[in-house]
Amino acid sequence: MTLITDTTSLAAFCRRMQDAPYITVDTEFVREKTYWPQLCLVQVAGPDEALAIDPLAPGIDLTPLFALMADTNVLKVFHAARQDVEIFHHLSGAIPTPLFDTQVAAMVCGFGDAVSYETLASQLAKAHIDKSLRFTDWAQRPLSEKQLQYALADVTHLRPAYEKLRKRLDRDGRSEWVVEEMAILTDPRTYVTEPDAAWHRLKPRSSSPRFLMVLKELAAWREREAQDRDLPRQRVIRDEALMEIAAHAPSAVEELARTRGMSKGLAEGRQGAAILDAVAKALATPESAWPQPPERNDLPRGLGPVVDLLKVLLKLKCDQHDVAQKLVASSADIEAIAADDNANVAALQGWRRTVFGDDALHIKHGRVGLALAENGKSLRLIPLA
């Protein structure tokens, strides 16, 4: 049996997995036509067993699976976990814990930025992943044996990849580095979009506080509407139309109907009334509570070369420590360090400071410099004071 379609078999499988030190997990889902991902398949593997679970099977109850995901005695291993975890959080109200993301671990171990599962399986499990079914429709039934084998490969090859990554982390004393990153993935706030914050996802074309206030209310209305109707945001109303309405702030149906992307029928209907209510609510808000445009963080004059130097240092240090640059410092981090020794950025905290932050401050203040190594093919740090 490779596919579980009933609750009794699922419960028995989950009981067997309770004794496993870890399980590897992956999901297949579709969300092109919905706001929430529609779970179509769950693949789970313990050290000696791998099965797929059909959440669309008639009458199946996923409660045993959710209990296993919440079992703190069993480590849950994912690759690029964010979307998978979002699904479990939405369906069960809980986040799988404890959690290990092999993509993050691979970045810590020097496999580069956002390494793919195919690359990891090839390099660590010596496995070739067949990509021919990557865009298959997982909501269609019945699933073929080829589909199931393809899906199970996402968890079976993950086992040796995880075990080898874990050994590297333990050997190099970097296990805590991964633990820090898991804190983001296990924070419920990562998976919740509050309607009042939905406007931050947009790219406003104006910095006018009045425009931003109207846009905030419109985006909040759209987010609630999308969640309630389980529709993609763009199916409720497109970003372009939302910003067009925010720019003109119509107060009547006739004005709203003239908005590009809004038909007369929509403007006169329930949706149009809700949009006009959102605009009116925004304009009734005291100006003191209107959103303010973000402050521009233009670099002080003359700091451009400092930023360039710090970027070279980041590459050098990450090469030396065999860790992905993206994980250590962003461009924004580097600019902040160039401008302020006490910048509140991750690159000046914890292990990142040890790898990069301290030397970034040293080179900024002339205590160390960069020079070509004797072979003339690499750089090295040299003390200057």
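Note that the coordinates shown come from a computational prediction; the quantities given were computed from them, not determined experimentally.

When you look at the overall build of the chain in this model, what are you seeing that I'm missing?
If you tally the helices and strands in the chain, you get 18 helices and eight strands. If one aligns the C-alpha atoms of the chain with their principal axes, the spans along those axes are about 75 × 65 × 35 Å. Within the chain, counting contacts between residues at least 6 apart in sequence, those at least 24 apart form 61% of the total. Summed over its atoms, the accessible surface of the chain is roughly 19,700 Å², and 50% of this surface lies on carbon and sulfur atoms.

Is there a simple way to explain the sheet that holds strand S1 (residues 3–4) in this structure?
Strands belonging to one sheet form pairs held by backbone hydrogen bonds; the direction of such a pair is parallel or antiparallel. If you walk across this open sheet you meet the six strands as S1-S4-S3-S2-S5-S6, and the pairing is mixed. Strands with a single pairing partner mark the edges of an open sheet, and in this sheet they are S1 and strand S6 (99–101). Pairing of strand S3 (residues 38–45) with strand S4 (residues 50–53), which is carried by four bridges, proceeds in the antiparallel orientation. Residue pairing in the sheet places Ala45 in a bridge with Ala50 of S4. Here helix H6 (residues 145–156) sits on the sheet in contact with S1, strand S2 (22–30), S3 and S4, set at roughly 55 degrees to S3.

What exactly am I supposed to notice about the layout of surface pockets here?
Over the atoms, a rolling probe the size of a water molecule traces out where space has been left empty. There is about 720 Å³ of room inside the largest pocket. Taken together, 24 residues form the lining of the largest pocket, with Asp26, Thr27, Glu28, Phe29 and Asp154 sitting closest to its centre. Mapped onto the lining of the largest pocket, the elements with two or more residues apiece are S2, helix H3 (82–92), helix H5 (117–124) and H6. Broken down by element, the residue count for the lining of the largest pocket peaks at six residues, all from S2. Tallied by class, the residues present in the lining of the largest pocket amount to 11 nonpolar, six polar and seven charged. Along the wall of the second largest pocket there are 18 residues; nearest its centre are Arg31, Glu86, Tyr191, Thr193 and Arg233. Here the element with the most residues in the lining of the second largest pocket is H3; it accounts for five residues. Along the lines of polarity and charge, the residues of the lining of the second largest pocket split into five nonpolar, seven polar and six charged.

Teacher, can you tell me more about the nonpolar core here?
In a soluble, globular protein the nonpolar side chains are often hidden away together inside. Counting 80 residues, the largest nonpolar core has Ile23, Ile53, Leu65, Ile337 and Phe356 as its most contacted members. The element contributing the most residues to this core is helix H18 (residues 350–364), with six residues. When neighbours within four sequence positions are excluded, Ile53 is seen to be in contact with Leu3, Ile4, Leu10, Leu41, Val42, Val44, Ile60, Leu62 and Leu65. If you look at the next biggest cluster of nonpolar residues, it comprises 32 residues, including Leu218, Met243, Leu256 and Val279.

How should the packing of aromatic side chains be read in this particular structure?
Overall, the coordinates contain seven aromatic pairs when judged by the stated rule. Both rings, one in Trp138 and one in Tyr150, keep their centres 6.2 Å apart while their planes meet at 20 degrees; by these two values the pair is stacked. Here the residue Trp138 occupies a position in the loop between H5 and H6, and Tyr150 occupies one in helix H6, the gap between them amounting to 12 residues. As far as burial versus exposure is concerned, Trp138 and Tyr150 are alike and both buried. Centre to centre, the rings of Trp177 and Trp351 are 4.1 Å apart; their planes meet at 10 degrees, and the pair counts as stacked. Placement of Trp177 in helix H8 (residues 175–185) and of Trp351 in helix H18 is noted, with a sequence separation of 174 residues between them.

Criteria and cut-off values
Residues numbered from 1 in each chain as written. Predicted model: local features only at pLDDT ≥ 70, side-chain atom pairs only at ≥ 80, totals over all residues. Heavy atoms only, no water. Helix = DSSP H or I, 4+ residues; strand = E, 2+ residues; numbered from the N terminus. Contact = heavy atoms within 4.5 Å. Areas by Shrake-Rupley, 256 points an atom, 1.4 Å probe, with all protein chains shown as cover. Pairing = 2+ DSSP bridges. Axes fitted to C-alpha atoms, helices over the stretch in contact; angles between N-to-C directions. 1 Å grid on protein atoms, 1.4 Å probe; cavity = no way out; pocket = protein on both sides within 12 Å on 5 of 7 lines; lining within 4 Å. Points joined across faces, edges and corners; volume = space filled by probe spheres on them. Nonpolar A, V, L, I, M, F, W, Y, C, P; charged D, E, K, R; others polar. Core = buried A, V, L, I, M, F, W, Y, C linked by side-chain atoms within 4.5 Å. Buried < 20%, exposed > 50% of the residue type's maximum accessible area, 1.4 Å probe, protein only. Phe/Tyr/Trp six-rings, centres within 6.5 Å; stacked < 30°, edge-to-face > 60°.

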